[in-house]
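Coordinates in review
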Amino acid sequence: MAVGKEDVVEILKPRTDNREYRRIVLDNFLEALLISDPDTDKCAASMDVRIGSFCDPDGLEGLAHFLEHMLFYASEKYPLEDSYSKYITEHGGSTNAFTSSEHTNYYFDVNVDCFEEALDRFAQFFIKPLMSADATTREIKAVDSGNWDTLEVKPKARGMDTRHELLKLYEENYSSNLMHLVVYAKGWATSLSAGESDWTCEFSFFKVVIDLTDAGHEHVEDIVGLVFKYVHLLQQSGPCKWIFDESRALGGACLCRIFWESTKFEGHTDKTEPWYGTAYSVEKITGSIIQQWMKSAPDEHLHLPAPNVFIPTDLSLRNVLEKVEFPLLLRKSSYSRLWYKPDTRFSTPKAYVKIDFNCPYAGKSPEAEVLTDMFTRLLMDYLNEYAYYAQVAGLYYAISHTGDGFQDLVETVIEKIAKFEVKPERFAVIKEMVAKDYQNFKFQQPYQQAMYYCSLILADQTWPWNDGLEALPHLQADNLSQFFPLMLSRTFLECYISGNMEPNEAESMIQHIEDVLFKGPQPISQALFPSQHLTNRVIKLERGISYFYPAEGLNPTFHQLRSVEQLGYITVLMQRNDSGIRGVQFIIQSTAKGPRNIGLRVEAFLKMFESKLYEMSDDEFKSNVTALIDMKLEKHKNLREESAFYWREISDGTLKFDRRHVAALKQLTQKELIDFFDEYVKVGAPRKKALSIQVYGSLHNSEYKTDQTEPNEPNSVRIDDIFSFRRSRPLYGSFKGGFAHMKL
């Protein structure tokens with residue numbers, strides 16, 4: 001392929017794809033795929049660099065990943081730290097990156113009208129990043145998880161300068177001939193990338209991504225033609241013998257590795273890996289040993305897969321007589337309620353089915369919750385024989401009171417439920433798995449434990465993990481055999497069907513399920529009594545009070561808090577939604593500071609934000625509102641994403657399918673925002689309801705004991721016992737709770 005010229009490549013694409021593609025190679029050998037999408041509401045770019053963790057210098061493990069982090073800081077053209085991420089966020093976008101063994105990938109998306117500047121800021125990653133000494137030191141501390149030791153202490157002991165090696169790694173490897181760019185926009189492409197992605201030991205994908213500019217929109221046919229003509233060229237050329245010979249030679253050099261992990265090896269190992277302190281041993285296994293194992297292995301009648309009954313034969317698109325914007329209540333009975341939304345956007349022969357079994361007996365006690373968990377796992381275990389065939393056919397399902405897929409798969413799942421029996425040998429396996437999961441809870445990271453305690457405090461009728469662990473040893477196969485008929489004896493099905501399915505087909509599917517469960521010669525289930533419909537109740541906190549729950553860890557705004565304040569690698573500010581009750585949540589995990597100190601820094605951050613909010617110019621306020629509106633108006637990318645959004649509304653019972661609130665945002669004034677912040681969010685806000693979960697890790701055990709002797713701050717309440725606290729508090733009303741109030 002001539003450098004700087006376009007090869008004529010035929011690009012093959014689905015008939016429903018109206019985007020245009022073009023592949024180019026720049027004079028500096030950078031390969032780019034340009035994609036023009038006239039209907040896109042976002043532009044995007046992705047740059048893949050053919051360097052990963054395998055290129056880490058000896059003694060500086062993690063340097064390639066660390067370099068990925070450093071490129072986000074600042075550049076010669078845009079020297080203000082974090083200005084790239086700030087610009088992307090303020091203009092309705094998102095950005096991230098990842099480092100694998102042989103690749104580092106950077107990507108972002110942003111509003112269409114801001115793409116040109118966003119791309120220019122993105123390009124500085126690969127032109128002139130600053131990577132100052134001060135920023136390098138702060139990022140080493142921020143990344144945490146042993147990096148201070150591997151990127152600072154040990155290199156210094158060996159006479160190595162981390163920043164020097166960082167700059168050297170960048171200069172020697174971040175070369176345009178090792179980069180692939182993809183640009184996705186409304187015109188000529190601004191980026192192109194291609195390469196292997198999403199690989200496992202069983203499969204991998206070759207991915208080509210192109211992002212286009214406005215000008216590219218006028219040359220879509222050229223862009224698409226170039227990429228697909230090259231694919232066609234490969235098809236015409238056929239496999240090359242020399243490539244096959246090289247691949248075979250490489251394949252012959254591959255070694256088989258067997259990893260065996262068990263707690264039984266404690267005290268029988270002779271090595272320790274340096275990063276997490278994991279003990280291990282290495283033993284050589286010869287071919288003769290493998291042959292011996294094969295001869296002594298039990299005869300399990302191994303066989304090749306049978307013909308796949310789930311392969312679809314009808315991929316035609318159903319006719320939609322009217323354009324339905326939101327889910328509608330298509331059918332209801334005393335047994336079920338069916339929400340339905342045909343596919344009016346994606347034009348793919350796929351359907352999405354959610355079925356929620358509302359079983360009042362499933363969560364009545366810790367024992368019931370454990371038995372329900374074991375029932376669903378055992379059901380999935382029995383379905384394993386179908387899992388491979390279903391996934392090959394592009395169908396996916398999960399049993400956690402829900403299932404999704406096409407008709408044949410749904411019928412298979414329902415049949416297994418109807419004919420469920422407890423096999424003692426499989427029960428023992430599942431019980432062991434459940435026990436390990438419960439026991440592993442105490443090895444979760446502190447921030448995960450904090451999120452668990454938060455949910456346990458706020459959600460009514462939930463049980464602690466240690467109650468389940470205590471109940472588990474006493475449960476036997478007979479207990480599950482007696483429990484699951486009771487669990488299914490009263491149930492109500494909340495159903496959602498969307499995609500390439502006509503209304504009569506959706507109704508027929510749910511009617512079939514009702515016939516199997518409720519109307520057979522010996523019905524498995526009966527309709528719920530009106531008093532049995534499940535609710536989602538959330539604890540109501542008192543206004544003007546800050547509650548806090550301190551706990552010892554069980555294990556023997558991002559840039560400011562993470563990189564400047566050095567509070568730790570995990571810093572998240574996000575919305576929280578507890579069954580329709582919404583709030584704002586900080587999640588911070590730090591090795592440097594204890595929970596009490598982190599709480600003080602969050603208050604300082606809110607005070608800083610308060611000042612910025614008061615000083616914000618009118619133009620800046622309007623710009624932020626516009627960015628938020630653009631984010632709200634962003635279209636769902638696929639059927640699964642759209643269905644997950646609508647299902648959350650159905651599951652919570654809120655049924656606010658048009659949750660964009662764009663009209664209200666357009667009317668919002670800066671004074672209204674400040675008034676809301678002053679009333680509900682700022683430090684000392686009179687109507688603020690606050691809950692702080694403080695998990696003390698092993699590094700801060702001494703602080704835990706000291707902090708317990710400190711007097712409570714004014715207007716703060718310490719929670720000593722979660723369940724006594726829950727019983728003492730009123731509850732919010734439940735949005736979820738039955739079907740009597742619903743009307744067609």
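Under an unreviewed UniProt entry, the name given to the protein chain is Peptidase M16 N-terminal domain-containing protein, and the source organism is Rhododendron williamsianum. Within the UniProt record for the protein chain, the comment given under Cofactor (unreviewed entry) is "Zn(2+)".

What follows is about the overall build of the protein chain. A tally of regular secondary structure across the protein chain gives 25 helices and 19 strands. Each of the 744 residues in the protein chain was classed as buried or not, and the buried ones make up 42%. For the protein chain, the computed accessible surface area is about 41,900 Å², with 54% contributed by carbon and sulfur atoms.

This next bit is on the sheet that holds strand E11 (residues 328-332). Ordered in space as E11-E12-E14-E13, the four strands form an open sheet in which the pairing is mixed. What marks the edges here is a single partner per strand, and that holds for E11 and strand E13 (351-358). Across the sheet, the mean angle from the axis of one strand to that of its neighbour is 20°, orientation sign disregarded. With eight bridges connecting them, E13 and strand E14 (residues 492-499) associate as antiparallel partners. Across the sheet, residue Ala-351 finds its bridge partner in E14, namely Gly-499. Sitting on the sheet, helix H21 (residues 639-652) touches strand E12 (336-342), E13 and E14, and the angle it makes with E14 is about 150°.

Moving on, we come to unusual backbone geometry. At Ser-347, a position not held by glycine, the phi torsion is positive, near 50°. Structurally, Ser-347 is set in the loop between E12 and E13. Look at Gln-461: it is not a glycine, yet its phi comes out positive at around 55°.

Overall, the coordinates contain 32 salt bridges when judged by the stated rule. In this structure, Arg-318 engages Glu-505 in a salt bridge whose closest nitrogen and oxygen atoms are separated by 3.2 Å. Here the residue Arg-318 occupies a position in the loop between helix H9 (287-296) and E11, and Glu-505 occupies one in helix H17 (residues 503-518), the gap between them amounting to 187 residues. Linking Asp-373 and Arg-377 is a salt bridge whose minimum nitrogen-to-oxygen distance equals 3.0 Å. Linking Asp-373 with Arg-377, this pair stays in helix H10 (residues 366-382), spanning four residues, or about one helical turn. The network of salt bridges with common partners includes Lys-42, Asp-109, Glu-634 and Lys-637.

This part takes up the confidence of the model for the protein chain. Close inspection of predicted coordinates is inappropriate for parts of the model with low pLDDT. Per-chain confidence: the protein chain averages 84 in pLDDT, with 82% of residues scoring 70 or above. Confidence drops under a pLDDT of 50 for residues 401-408, and excluding neighbours within four residues, the segment shows 31 contacts in the predicted structure. Predicted confidence for residues 739-744 stays below pLDDT 50, and this span has 15 contacts to residues more than four positions away or in other chains.

Per the counting criterion, the structure on display carries 34 aromatic pairs. In this structure an aromatic cluster arises from ring pairing among Phe-72, Tyr-84, Tyr-106, Phe-108, Phe-115, Phe-122, Phe-125, Phe-126, Tyr-170 and Tyr-174. Sitting over the face of the ring of Tyr-382, Lys-423 holds its NZ or CZ atom 4.8 Å from the ring centroid.

Ordered in space as E18-E15-E19, the three strands form an open sheet in which the pairing is parallel. In the strand order of this sheet, the two ends are held by strand E18 (689-696) and strand E19 (716-718), each with one partner. Neighbour to neighbour, the strand axes of the sheet diverge by 25° on average, direction disregarded. Alignment of strand E15 (residues 545-552) against E18, held across eight bridges, turns out to be parallel. Paired with Phe-548 across the bridge in E18 is Ser-692. Contacting E15, E18 and E19, helix H24 (residues 701-708) crosses the sheet at an angle of about 135° to E15.

This next bit is on the side chain of Ser-336. Within the secondary structure, Ser-336 is located in strand E12. Look past the residues within four positions of Ser-336 in its chain and what remains in contact with it is Arg-331, Phe-492, Leu-493, Cys-495, Ile-510 and Glu-514.

Inspection of the secondary structure puts Val-662 in helix H22 (residues 662-667). Along the primary structure Val-662 and Asp-630 are separated by 32 residues, whereas in three dimensions their C-alpha atoms are 9.1 Å apart. Discounting residues that sit within four places of it in the chain, Val-662 has contacts with Ile-629, Lys-632 and Leu-633.

All right, on to the environment of Val-602 then. Within the secondary structure, Val-602 is located in helix H19 (residues 595-615). It is 9.6 Å that separates the C-alpha atoms of Val-602 and Val-683, two residues lying 81 residues apart in sequence. Excluding anything up to four places from it in sequence, Val-602 contacts Phe-586 and Ile-588.

This next bit is on the pairing of strand E3 (residues 42-49). Here E3 lies mainly inside the structure; seven of its eight residues are buried. Direction of pairing for E3 relative to strand E5 (residues 104-111): antiparallel, over a ladder of eight bridges. What sits directly across from Lys-42, in E5, is Asn-111. As paired strands, E3 and strand E6 (residues 179-185) are joined by six bridges and run antiparallel to one another. Looking at E6, one finds that Ser-46 is bridged to Val-182.

Cut-offs applied
- Residues numbered from 1 in each chain as written.
- Predicted model: local features only at pLDDT ≥ 70, side-chain atom pairs only at ≥ 80, totals over all residues.
- Heavy atoms only, no water.
- UniProt positions renumbered as here; feature names shortened; annotations may be inferred.
- Helix = DSSP H or I, 4+ residues; strand = E, 2+ residues; numbered from the N terminus.
- Buried < 20%, exposed > 50% of the residue type's maximum accessible area, 1.4 Å probe, protein only.
- Areas by Shrake-Rupley, 256 points an atom, 1.4 Å probe, with all protein chains shown as cover.
- Pairing = 2+ DSSP bridges.
- Axes fitted to C-alpha atoms, helices over the stretch in contact; angles between N-to-C directions.
- Contact = heavy atoms within 4.5 Å.
- Salt bridge = Lys/Arg side-chain N within 4 Å of Asp/Glu carboxyl O.
- pLDDT = per-residue confidence, 0-100.
- Phe/Tyr/Trp six-rings, centres within 6.5 Å; stacked < 30°, edge-to-face > 60°.
- Lys NZ or Arg CZ within 6 Å of the ring centre and 35° of its normal.

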